[in-house]
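Chain by chain, the residues:
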Amino acid sequence: AACTRALAHPPALALALAPTLALAPHPRARPPQVRAARVLLAGHERVTVRHGLAQRTGLPSASFDFVTMRFLLQHLRRPSRVLREVMRLLRPGGGVAVVETDDMIGGVMDPLIPCLQPLNVKYSARQAAQGGSRFVGRHLLRMLQAFGFTERHVEAALAASDEFDEGVAVFAPHFDVTRFQVLIDEGQISVAEYKEAEWAIKTFLEDPASIAMMVN
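Anyway, here's the lowdown on the structure attached to this text. Quick caveat: nothing in here was measured; it's all calculated off a predicted structure.

**Quick look at the overall build of the protein**
No. 1: When you go through the protein residue by residue, the secondary structure sums to six helices and nine strands.
No. 2: Out of the 216 residues in the protein, the part that is buried amounts to 33%.

Structure, rendered in structure tokens:
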């Protein structure tokens with residue numbers, strides 16, 4: 001969803017002249033992620049990687065022309081706190097882009113992996129019990145509107161495995177079965193269910209006939 005804050009007088013500076021910030025979502029985020037970001041962005045003079053809370057960045061008010069968030073809001077009990085911080089950081093006329101998911105339109109695969117669906121349902125329910133929502137995509141525009149953003153726009157970003165030489169293997173991180181380990185630890189699934197899903201995903205990723213499309 002891309003939105004622009006309501007404004008009477010647009011900023012004189014173009015977006016290209018504004019400083020850029022890459023912010024990790026939480027101070028308990030894995031340090032390797034932060035180090036990887038710093039390595040990836042090394043040499044970009046106008047980019048600074050900061051590690052901290054998105055809800056309380058400590059950055060100056062009205063200091064950015066543009067803010068982007070990727071798969072962040074779905075994990076938060078109170079996404080409004082982040083959006084309020086975004087409004088504080090943006091200069092008048094600034095914009096925000098949000099990349100999120102919605103499990104009802106998350107993607108398709110062929111052949112289907114029936115044993116994966118009940119695990120995904122339990123994983124989604126666990127996220128909801130912790131205050132997050134894997135259905136946040138459908139609410140983005142209304143959430144942003146509530147904070148005064150105008151010129152609201154939403155579009156689906158589709159990625160299909162047949163676009164890539166690697167085929168479905170390009171989506172391997174999205175099929176990482178280890179995320180279900182926590183369901184074993186909490187007694188929600190058995191080791192047998194986990195192993196079944198692990199084998200099915202491995203078979204799917206190794207089959208050159210497999211197809212996957214993902215939507216954000």
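**Topic: the sheet that holds strand β9 (residues 211-215)**
No. 1: One open sheet accounts for three strands, arranged β6-β9-β8; its pairing is antiparallel. One side of each edge strand has no neighbouring strand; the edge strands of this open sheet are β6 (107-110) and β8 (158-160). Strand-to-strand twist in this sheet, taken as the mean axis angle between neighbours without regard to direction, amounts to 10°.
No. 2: Bridge count for β6 against β9 is four bridges, and the pairing is antiparallel. Residue pairing across strands places V108 opposite M213, the latter belonging to β9.

**Looking at a nonpolar patch on the surface**
No. 1: Taken together, the side chains of V108, L158, I211 and M213 present a nonpolar region at the surface, about 330 Å² in accessible area.
No. 2: Residue placement: I211 occurs in strand β9.

**Regarding unusual backbone geometry**
No. 1: That bond from D110 to P111 is cis: its omega, 5°, falls within 30 degrees of zero.
No. 2: Along the chain, the position of P111 falls in the loop between β6 and α3 (116-129).
No. 3: In the Ramachandran plot, E151 falls in the positive-phi region, its phi being about 50° despite a non-glycine side chain.

**A short note on α3**
No. 1: For α3, which comprises 14 residues, the first-to-last C-alpha distance of 20 Å matches the rise-based estimate of 20 Å (1.5 Å per residue) to within 8%.
No. 2: Within α3 the residues assigned to the buried category are L116, L119, S124, R126 and Q127. Down the axis of α3, the smallest arc covering the buried residues is 155°, so these residues share one side. Away from its buried face by more than 90 degrees, α3 exposes Q117, V121 and A129.
No. 3: The elements touched by buried residues of α3 are β6, α5 (181-185) and α6 (191-206).
No. 4: G131, located one to two residues past α3, shows a positive phi value of around 105°.

**Comments concerning the packing of aromatic side chains**
No. 1: By the definition in use, this model includes three aromatic pairs.
No. 2: Note on Y123 and F180: the rings are 5.8 Å apart at their centroids and 90° apart in plane angle, and the pair reads as edge-to-face. Of this pair, Y123 sits in helix α3 while F180 sits in the loop between β8 and α5; the two residues are 57 residues apart in sequence, bridging distant segments of the chain.
No. 3: By relative accessible area, which is 0% here, F180 ends up buried.
No. 4: Relative to F171, the ring of F164 lies with its centre 6.4 Å away and its plane at 80°, an arrangement referred to as edge-to-face.
No. 5: Look at F171 and you get buried, because its relative accessible area is 6%.
No. 6: Lying across the ring of Y123, R179 places its NZ or CZ 6.0 Å from the centre.

Each value, and the rule that gives it
- Residues numbered from 1 in each chain as written.
- Predicted model: local features only at pLDDT ≥ 70, side-chain atom pairs only at ≥ 80, totals over all residues.
- Heavy atoms only, no water.
- Helix = DSSP H or I, 4+ residues; strand = E, 2+ residues; numbered from the N terminus.
- Buried < 20%, exposed > 50% of the residue type's maximum accessible area, 1.4 Å probe, protein only.
- Pairing = 2+ DSSP bridges.
- Axes fitted to C-alpha atoms, helices over the stretch in contact; angles between N-to-C directions.
- Patch = residues over 30% accessible without salt bridge, like charges linked within 9 Å, V, L, I, M, F, W, Y side chains within 5 Å.
- Areas by Shrake-Rupley, 256 points an atom, 1.4 Å probe, with all protein chains shown as cover.
- Salt bridge = Lys/Arg side-chain N within 4 Å of Asp/Glu carboxyl O.
- Expected span 1.5 Å × (residues − 1).
- Arc of directions from axis to C-beta.
- Contact = heavy atoms within 4.5 Å.
- Phe/Tyr/Trp six-rings, centres within 6.5 Å; stacked < 30°, edge-to-face > 60°.
- Lys NZ or Arg CZ within 6 Å of the ring centre and 35° of its normal.

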